[in-house]
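Notes for the structure review
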Amino acid sequence: MSDVVSYRREDEVGLIVVDNPPVNALGHAVRQGLLEALDEGLADPSAKALVIMGGGRTFPAGADIREFGQTPKSPSLPDVIDAIETSSKPVIAAVHGTALGGGMEITLGCDYRLALDSAKMGLPEVNLGLLPGAGGTQRLPRLIGARAALEAIVEGKPMKAARLAEMGIIDEVVSGDLEREAIAYARKLVAEDAPRRPVSALSVAAEDADVFAEFEAAIARKKRGYLAPFHCIKAVKAATEMDFAAGMARERELFVELLNSPQSAAQRHVFFAEREAAKVPGLAKDTPQREIRRVAVIGAGTMGGGIAMNFLSAGIPVTMLEMKAEALDRGVSVMRRNYEASARKGRLTTEQVEANMGRLWTTLDYADLAEADLIIEAVFENMDVKKTVFGELDRVAKSGAILATNTSTLDVDEIADATSRPTDVLGMHFFSPANVMKLLEVVRGAQTADDALATVMALARRISKVGVAVGVCYGFVGNRMLHKRQTQAVALVNEGATPSQVDRVLYDFGLPMGPFAMADLAGLDVGWRIREGLRETDPANAPARNWMDALAEAGRFGQKTGAGVFEYGDGGRTPEPSETTAAEIDAYRAQQGITPRDVSDEEIRERCLYVMINEGAKILEEGIAARPLDIDIVWIYGYGFPPYRGGPMFWADQVGLGLVCDRIRTFHGETGDPDWQVAPLLEKLAGEGKGFADL
Ligand code: NAD
């Protein structure tokens, strides 16, 4: 008898209960147990109907993802579901918690489905670069039609019980005690002599022939570069064109293709990496956390407002401090406008907008920050200004308050030293727009206390961010790698590429935009001011003036001024090639004596991406990031690196570190540029035939 699936009978109803905590995942033992319990139920002459349910907190929540990539062990989930569907007695799925993926597919193999009102079901396989491979793509269209099935399978979102009932997936929504309700429902079916109702025997309702082409067109932009959503569409289409057995074979074929694809390997890596990133190596799991009830934000500019919104939206009151009342008013009205825009899109109710804004307090007086448990500074990027602010915070903040800086480039340890309590200081590096971008680099200073770090890592999740712990260095993890890529992008243009070509290559790789469109979005003035500053303070180490400086000097700051590297007609956001920029580039080349050459797309791709990988390896060596997966998560959530490539370090492994290392050596030989000096860690791994994943 299985110890994870049990069988017992209540009068004429046989109950099959899966008990495999924490989420009743459908690993081998559960699949085997389900078959045995089913046999027992079928052999039990007194059982007239069977109920399948989950013990503990949920119906089987899904496949055991850790079994992916291992040799499949029989019985497979499709076999189990087939046995359920062809059984001689009616089978009822009784769902509570979340029946996702394989869990939902089991319910589709049952004759009847009943669920608690709080239950959710869905087919999220697409998010792991897969498709529902246990009949989901064949049974769901038979149950609810191709169009609705496409939405559920391609979107991959969990759906609530009420919606599932509306869609015709669930027959009965109940509340209270699920087991009692399920038995009552089963008895009713037995009394009515209700028939078996195998979904596979249904035919798919006739649909408009264009539905698949239309659906593909509708997702083309959002799912650009992804394989799985388009395979999902093919599988559902097969359900409308083939009989059930042939459709199942087609589903299997498409599933196996995805399972063996680099994309699914990458997306599964991201799934685990995101969860792993939350656990900081060396930080004990039971590290105590400080209580965060009130937050303060210093500076109501671009970042301060967005940062504050994250807390307000999570129900945490915020006090915002500025130097002048006008700056506060401006900041507050931008926040309100952002919330109201979300309300117009239906993402918030007007009551929620008011509730969020109602949690916001403003002040010009540091004394009003005395109650804050966490204070985040987002003032100008200037060390003296920051030190003055932290001096004030040291004076007014209560004992135990966490003091955080949102600096992008300044030394967090130096800022900490401006206080008498450096153990309470750390960096919280949000990404712009701070209310939207999911990444939060949590910068651990030399003296940051463990409990302060643990508190902020947990808080990240509370405000729906993905926190990644990083160490102190210029640019931390994300921007440090970005700067290296930017230098290559400019050099490639100097040598003969066009900005449009460079951007196209990286866009086609799957990034949301290329380096020059990104520079235009951030504002060319930002980098220009930094370079100008260096030219004044440290001319020996300052970069030579180039065509990007010329553009900024001419007031071409990017999107916000309608022109930068590209032109943006009529306040638009679409970058168009610019003749002015081309002329500046020509002038720069002439002045430098550069004869432009043809630069291949391949060279652009290699130089822009391999330079990041080399820097990533240095970041690992220095312990700025603890693990390659931390770097991957930074790039996926901070810069839109395509999840189907798994992040830069995972992707490098897929390319092969031997090859990456060879190319980096070649670039170093050609240029002597220190950015191309091979990182010893990369050299070592490549030499041993290993990847970053082996670290
Ligand atoms: P910003 O100029 O838009 O806003 C800064 C605000 O701070 C202004 O409203 C200013 O009035 C206020 N301020 C300045 N000195 C102050 C003081 N002594 N006391 C109180 N308020 C003061 O700048 P921003 O883009 O929001 O950047 C703020 C910080 O965030 C910087 O450290 C920056 O490096 C960092 N950062 C910016 C971005 C970005 O993309 N803009 C991204 C990540 C981090």
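Just so it is clear, the structure is predicted and the values come from calculations on it, not from any experiment.

**Section: the overall build of the protein**
Each helix and strand in the protein was counted, giving 28 helices and 17 strands. Taken along the three principal axes of its C-alpha coordinates, the protein extends 90 × 60 × 55 Å. In the protein, which comprises 695 residues, the proportion classed as buried is 53%. Within the protein, residue pairs in contact and separated by at least 24 positions form 73% of the contacts whose partners lie at least 6 positions apart. Carbon and sulfur atoms provide 51% of the accessible area of the protein, an area that totals close to 29,700 Å². The averaged location of the 99 negative side-chain charges in the protein is 2 Å from the averaged location of its 76 positive side-chain charges.

**Considerations on the nonpolar core**
Grouped together as the largest cluster of nonpolar side chains are 78 residues, with contacts concentrated most on Phe516, Trp547 and Phe692. In terms of residue count, helix H24 (residues 601-621) provides more of this core than any other element does, ten residues in total. When residues no more than four places from it in sequence are discounted, the contact partners of Phe692 are Ile613, Ala617, Leu620, Pro628, Met649, Ala652, Asp653, Leu657, Leu681, Leu682 and Leu685. Core analysis: the next-biggest nonpolar cluster, separate from the first, contains 62 residues, Met104, Leu128, Val154 and Leu254 among them.

**Digging into the sheet that holds strand E6 (residues 112-116)**
Here six strands make up an open sheet; going across it, the order is E1-E2-E3-E4-E6-E9 and the pairing mixed. With one partner strand each, in any of the chains shown, strand E1 (5-10) and strand E9 (172-174) form the two edges of the open sheet. On average, each strand axis in the sheet is inclined to that of its neighbour by 20°, with strand direction left out of account. Bridge count between E6 and E9: three bridges; the pairing is parallel.

**Quick look at the packing of helix H18 (residues 478-495) against helix H20 (residues 515-522)**
Two elements in contact, H18 and H20, have axes whose closest approach is 10 Å; the angle formed by their N-to-C orientations is 115°. Handedness of the crossing formed by H18 with H20: left-handed. Touching Leu482, Arg485, Gln486, Ala489, Val490 and Val493 of H18 are Pro515, Phe516, Met518 and Ala519, all from H20. Per-class residue counts for the contact of H18 with H20 are eight nonpolar, one polar and one charged.

**Regarding the sheet that holds strand E11 (residues 318-321)**
Reading across from one edge, E12-E11-E10-E13-E14-E15-E16-E17 is the order of the eight strands in this open sheet, with mixed pairing throughout. Two strands close off the open sheet at either side, each with one partner strand: strand E12 (360-363) and strand E17 (466-471). Taken over all neighbouring pairs, the strand axes of this sheet differ in orientation by 25° on average, direction set aside. Sheet topology note: the strand E14 (residues 402-405)/strand E15 (residues 425-430) ladder contains three bridges and is parallel. If you follow Ala404 over to E15, its bridge partner there is Leu426.

Rules of the game
Residues numbered from 1 in each chain as written. Predicted model: local features only at pLDDT ≥ 70, side-chain atom pairs only at ≥ 80, totals over all residues. Heavy atoms only, no water. Helix = DSSP H or I, 4+ residues; strand = E, 2+ residues; numbered from the N terminus. Buried < 20%, exposed > 50% of the residue type's maximum accessible area, 1.4 Å probe, protein only. Contact = heavy atoms within 4.5 Å. Areas by Shrake-Rupley, 256 points an atom, 1.4 Å probe, with all protein chains shown as cover. Lys, Arg positive; Asp, Glu negative; His and termini not counted. Charge placed at Lys NZ, Arg CZ, Asp CG, Glu CD. Core = buried A, V, L, I, M, F, W, Y, C linked by side-chain atoms within 4.5 Å. Pairing = 2+ DSSP bridges. Axes fitted to C-alpha atoms, helices over the stretch in contact; angles between N-to-C directions. Left-handed = near helix turned anticlockwise from the far one by under 90°. Nonpolar A, V, L, I, M, F, W, Y, C, P; charged D, E, K, R; others polar.

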